[in-house]
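Residue strings, one per chain:
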Amino acid sequence: MKLNTFKILVFACLFAFNFNLKAQVNWTNDGDSYFKLENNQLVTYTLPNQVVKTVISKKQLTPAGQTEPLNISHFSFSTDQQKVLLFTNTVKVWRLNTKGDYWVFNFKTNTLKQIGKTLPPSSLMFAKFSPDGKSIAYVSNNNLYSEDYASESIKPLTTDGTVSLINGTFDWAYEEEFSCRDGFRWSPDSKSIAYWQIDASKIKKFYMINNTDAIYSELIPLEYPKVGETPSACKVGVVNISDAKTTWMDVPGDPSQHYLVRMEFIPASNTLLIQQLNRKQNESILYTADALNGKTKKIQEESDDAWVDLFQLGNPYAVDYTNNFSFSDDNKSILWASEKDGWRHLYQVSLEGKSEVLITNGDYDVIDLKHINTKEGYVYYLASPDNATQKYLYRTKLNGKGKNELLSPESLKGTHDYSFSTNGKYAYHTFSNHYTPYSREFITVSNQEALTEEESIVKKLKTIEKEPTTEFFTVTTADNVTMDGWMVKPTNFDPTKKYPVVFYVYSEPAGATVVDAYNVGRNRNYKGNMADDGYIYISLDNRGTPAPKGREWRKSIYRKIGVININDQAMAAQEILKWDFVDPERVAVWGHSGGGSATLNLMFRYPEIYKTGISLAAVANQLTYDNIYQERYMGLPQENMEDFINGSPMTYAKNLEGNLLYIHGTGDDNVHYQNAEILVNELIKYNKQFQFMPYPNRSHSIREGEGTSEHLSTLYTNYLKLNCPPGGI
């Protein structure tokens, strides 16, 4: 399963492994400055000298009649940056705080006023200015609205929105699995808005139960499409602002058997570009659509024997994230990522029917696209041809005739990220590795050097580096699979002694655990220091994890989740148990979400290896998880039910021999609590003794509620120490 909330921690059905510090900067239009919220004020810093200027003061952010400034969570600008939208009083929607109130500050008139005042408090979503800056559009209660800034007149553009008919935003599954949240786009001429409509009316409701907040229990319904169930129907419409009439785009295919995962106006046109995936997600088609009459034209398609990856740019867990297309060549083409040659590469795909151009080339994966400089003819991207645990900045020519040119300093071995200024002159650079804390600097792109010597990461490296405690290694299994791993050895390690080993697993396609980043070897659930207490702590990335090792590595897990990843982990553990300093009688494994599922499978299928397991929020039966994630990686259960059975931990529960602690939140809307009861039933059936801890009303991250984190870490640590005692012998 995959992970998705509490984004230091969880992705969708698993545990979060996004160790990279995302380089997010709000650049000004000219690219020479950036905006920042500081002490309830909005300021700019102008490069290269970091000259600071307050552009909206506390007083200016204080509404009339109030004494305190607005508590701003997020801000965004009109195209001319003369007005700014301020997001406050935010409310969580599944994963992120995407509902709230919006205010507009006008720099020209020095005025602050709230928008959407007649709508329910904290109900507005994804407010954004029209390109001409005269109007603001937003979603409230699953309907789309436009508000004239000058007159404050609010106009409903849709009126049929309900809990299950969703305009301008998405249902649970689309948000969780495609990172789709903001579901509308202004036309370049500000006269219309294109939007998604999701019809989840035929999706069965899954009911969670709240037993603690009242004397009588409360049922909490959620439209949740389980694997094998027909997806929500989806279509794209363009609504005219003047008369609120919608023209629906004529995208071919059954709307309940396809997904529309990306949509945007081609700049300076009335034409939409739409990406469609079939239900199995192994076929992708790009359509152009005439916003005036809805007629569509296919311009590109590709397929894969497993699945077609939805290449996401930037940070999918940011509140304002939109997975837009990357236009180039005066908007006549887009940059497109594909694995068609066995590696993830960038291609230039023409919107006018010309042949596509391979831009990057070689036996390596493009990890992320960072910047397109059409003036100089370069594209900048992250890659790591020689070490799959790291990330570096590269560039090459947009015409496909350039070399793969490394730009990150060669002395900084580890994980890099960059946020480029609008003009491509500057970039905000972050760096970390397993012994260097996250460090930041602003650089000049042309020479990759810090703007000042004081903030130069290279210059101050010796003073910020820590003593390495994590070792990276590779292990080759009897099946000739070579896996990356990291290990933290006990403090004052004595190679003549034998120590217990604790394996941390995730193992599924949604996340990799072996990345060269700071604190990668820290166990957030352990109370104390594992190394000081005398544990060896190890994590391994098996086949099927999204490491930049090529398509074959990543997609070998197709229809084999719970099989190939489990076999790889166990075979690697067998090799590790041959090490002289490892005690084969004290072997533990733990994981969260997909890692929780892996923990169960390893305990049940390889009891001769794993003696103790701690599993959190696991999918015990793959048929209980959502259709988008599970069908992408496993196919349809109507066609290959045996694969779902073979990969599910409950199938092997009767084989439990060791010590098992199972933990789940009863309010988990991602991996439902029913998995816990399914698993418990199987273990009871075969008289398998175990320990079980449900956390009332906690979600997938198991972090809400007073005392929860402290209780969980105490439980985790006590159980591990009792059943897998620390220390060398």
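For the structure, check the block above.
Residues numbered from 1 in each chain as written. Predicted model: local features only at pLDDT ≥ 70, side-chain atom pairs only at ≥ 80, totals over all residues. Heavy atoms only, no water.

S.K.: Looking at this model, I keep getting lost on the overall build of the protein chain. Mind explaining?
M.R.: Per the secondary structure count, the protein chain includes 10 helices and 45 strands. At 26 Å, the protein chain has a C-alpha radius of gyration in line with the 27 Å of a compact globule built from 729 residues. Taken along the three principal axes of its C-alpha coordinates, the protein chain extends 75 × 60 × 60 Å. Counting only residues that meet the buried cut, the protein chain has 60% of its 729 residues in that class. Considering only contacts within the protein chain whose residues lie at least 6 apart along the sequence, 60% involve residues at least 24 apart. Split by element, the accessible area of the protein chain, about 29000 Å² in all, is 47% carbon and sulfur. Positive and negative charge centroids in the protein chain, built from 74 and 84 side chains respectively, lie 2 Å apart. (Helix = DSSP H or I, 4+ residues; strand = E, 2+ residues; numbered from the N terminus. Rg over C-alpha atoms; globule rule 2.2 N^0.38 Å. Buried < 20%, exposed > 50% of the residue type's maximum accessible area, 1.4 Å probe, protein only. Contact = heavy atoms within 4.5 Å. Areas by Shrake-Rupley, 256 points an atom, 1.4 Å probe, with all protein chains shown as cover. Lys, Arg positive; Asp, Glu negative; His and termini not counted. Charge placed at Lys NZ, Arg CZ, Asp CG, Glu CD.)

S.K.: Please clarify how the environment of threonine 477 should be interpreted in this entry.
M.R.: Structurally, threonine 477 is set in the loop between strand 38 (470-476) and strand 39 (482-488). A relative accessible area of 6% places threonine 477 in the buried class. Each C-alpha atom, one on threonine 477 and one on leucine 412, is 31 Å from the other, the two residues being 65 residues apart in sequence. What threonine 477 contacts, discounting residues up to four positions off in sequence, is Met483, Asp568, Met571, Ala572 and Glu575.

S.K.: I keep staring at the sheet that holds strand 29 (residues 357-358) and nothing clicks. Help me out?
M.R.: Within a beta sheet, neighbouring strands are joined by backbone hydrogen bonds and run either parallel or antiparallel to one another. Spatially, the 4 strands line up as an open sheet ordered 26-27-28-29, and their pairing is antiparallel. Every other strand in the sheet has two partners, leaving strand 26 (326-328) and strand 29 as the edge strands with one partner each. Across 2 bridges, the pairing between strand 28 (residues 345-350) and strand 29 is antiparallel. Note that in strand 29 the partner of glutamine 348 across the bridge is valine 357. (Pairing = 2+ DSSP bridges.)

S.K.: It is not clear to me how a nonpolar patch on the surface should be interpreted in this structure. Could you clarify?
M.R.: The grouping of Tyr207, Ile209 and Leu219 at the surface amounts to a nonpolar patch, some 300 Å² of accessible area in total. On the secondary structure map, tyrosine 207 appears in strand 18 (residues 205-210). For tyrosine 207, a relative accessible area of 44% corresponds to the partly exposed category. (Patch = residues over 30% accessible without salt bridge, like charges linked within 9 Å, V, L, I, M, F, W, Y side chains within 5 Å. Salt bridge = Lys/Arg side-chain N within 4 Å of Asp/Glu carboxyl O.)

S.K.: I tried to follow the pairing of strand 25 (residues 296-303) on my own but got confused; where do I start?
M.R.: The pairing of strand 24 (residues 283-290) with strand 25 spans 7 bridges and is classified as antiparallel. The residue bridging isoleucine 285 from the neighbouring strand is glutamate 301, located in strand 25. Counting the residues between successive antiparallel strands, the hairpin from strand 24 to strand 25 contains 5 residues, one of them, glycine 294, with a positive phi of roughly 85 degrees.

S.K.: Hey, could you run me through the nonpolar core in this one?
M.R.: One recurring pattern in soluble globular proteins: nonpolar side chains tend to sit buried together. If you look at the biggest cluster of nonpolar residues, it comprises 49 residues, and the most contacted ones within it are Tyr174, Phe178, Val236, Met249, Leu272 and Ile274. Sorting the residues of this core by element identifies helix 1 (172-178), strand 17 (192-199), strand 18, strand 20 (233-240), strand 22 (258-265), strand 23 (271-278), strand 24 and helix 7 (627-634) as the ones contributing at least two each. The contacts of valine 236, once residues within four sequence positions are left out, are Tyr195, Trp196, Thr247, Trp248, Met249, Leu260, Met263, Leu272 and Ile274. Tyr499, Val501, Ile566 and Leu679 belong to the second-largest nonpolar core, a separate cluster that totals 45 residues. (Core = buried A, V, L, I, M, F, W, Y, C linked by side-chain atoms within 4.5 Å.)

S.K.: Even after reading the chapter, I still don't get the state of the cysteines, so can you show me in this structure?
M.R.: Defined simply, a disulfide is a covalent bond joining two cysteines at their sulfur atoms. One pass over the structure, following the stated rule, counts 0 disulfides. Among the cysteines around cysteine 234, which has no disulfide bond, cysteine 180 carries the closest sulfur, lying 8.3 Å off. Residue cysteine 234 is classed as buried on the basis of its relative accessible area of 5%. (Disulfide = S-S within 2.5 Å.)

S.K.: Even after reading the chapter, I still don't get the environment of tryptophan 186, so can you show me in this structure?
M.R.: Position of tryptophan 186 among the secondary structure elements: in strand 16 (residues 184-186). Relative accessible area serves as the criterion here: at 10%, tryptophan 186 is assigned to the buried category. Between the C-alpha atom of tryptophan 186 and that of alanine 570, which follows or precedes it by 384 residues, the distance is 51 Å. A polar contact is formed between the side chain of tryptophan 186 and the backbone oxygen of lysine 128, at a distance of 3.2 Å. In this structure the side chain of tryptophan 186 is engaged in a polar contact, spanning 3.5 Å, whose partner is the backbone oxygen of phenylalanine 129. (Polar contact = N/O pair within 3.5 Å; in protein donor to acceptor, adjacent residues only side chain to side chain.)

S.K.: Before we go on, may I ask you to explain unusual backbone geometry in this structure?
M.R.: If a residue is not glycine, its phi is most likely negative; likewise, a peptide bond is most likely trans. That bond from leucine 47 to proline 48 is cis: its omega, 10 degrees, falls within 30 degrees of zero. Position of proline 48 among the secondary structure elements: in the loop between strand 5 (41-46) and strand 6 (51-56). Phi angles above zero are rare outside glycine, and asparagine 141 is one such case at about 50 degrees. Asparagine 141 gets classed as partly exposed once you look at its relative accessible area, which sits at 45%.

S.K.: Is there a simple way to explain the sheet that holds strand 38 in this structure?
M.R.: One open sheet accounts for 8 strands, arranged 38-39-41-40-42-43-44-45; its pairing is mixed. Two strands in the sheet have a free side with no partner beyond their single neighbour: strand 38 and strand 45 (691-695). Sheet twist, expressed as the average angle between the axes of neighbouring strands with direction ignored, equals 20 degrees. Note: strand 39 against strand 41 (residues 536-541), 5 bridges, orientation antiparallel. Across the sheet, the residue bridging to glycine 485 is leucine 540, located in strand 41. (Axes fitted to C-alpha atoms, helices over the stretch in contact; angles between N-to-C directions.)

S.K.: Which parts of the structure should I look at to understand the environment of glutamine 276?
M.R.: Its location among the elements puts glutamine 276 in strand 23. Glutamine 276 has contacts with Val251, Pro252, His258, Tyr259, Leu260, Glu283, Ser284, Ile285 and Tyr287, leaving out every residue within four places of it along the chain. At 2.8 Å, the side chain of glutamine 276 forms a polar contact with the backbone oxygen of proline 252.

S.K.: Explain the packing of aromatic side chains here, please?
M.R.: The geometry of two aromatic rings is summed up by the distance between their centres and the angle between their planes. For the structure on display, the rule yields 39 aromatic pairs. For the ring pair tryptophan 27 and phenylalanine 442, a centre distance of 5.9 Å and an interplane angle of 85 degrees mean the geometry is edge-to-face. In this pair, tryptophan 27 is assigned in strand 3 (residues 26-27) and phenylalanine 442 in strand 36 (residues 436-444), connecting sequence segments 415 residues apart. The two residues tryptophan 27 and phenylalanine 442 agree in class, both being buried. Every member of this aromatic cluster is reached through a ring pair, and the members are Trp27, Tyr34, Tyr45, Tyr428 and Phe442. Between arginine 262 and the ring centre of phenylalanine 325, over which it is positioned, the NZ or CZ distance is 5.3 Å. When the ring centre of tryptophan 553 is taken as reference, the NZ or CZ atom of lysine 549 above it lies at 4.1 Å. (Phe/Tyr/Trp six-rings, centres within 6.5 Å; stacked < 30°, edge-to-face > 60°. Lys NZ or Arg CZ within 6 Å of the ring centre and 35° of its normal.)

S.K.: Help me understand helix 7 in this model?
M.R.: The buried count for helix 7 comes to 8 of 8 residues, which makes it a mostly enclosed element. Taken as a whole, helix 7 has its buried residues at Asn627, Ile628, Tyr629, Gln630, Glu631, Arg632, Tyr633 and Met634. Contacts made by the buried residues of helix 7 are with helix 1, strand 22 and helix 8 (637-647). Backbone nitrogen of isoleucine 628 and a side-chain oxygen of the N-cap are separated by 3.0 Å at the start of helix 7; the cap is aspartate 626.

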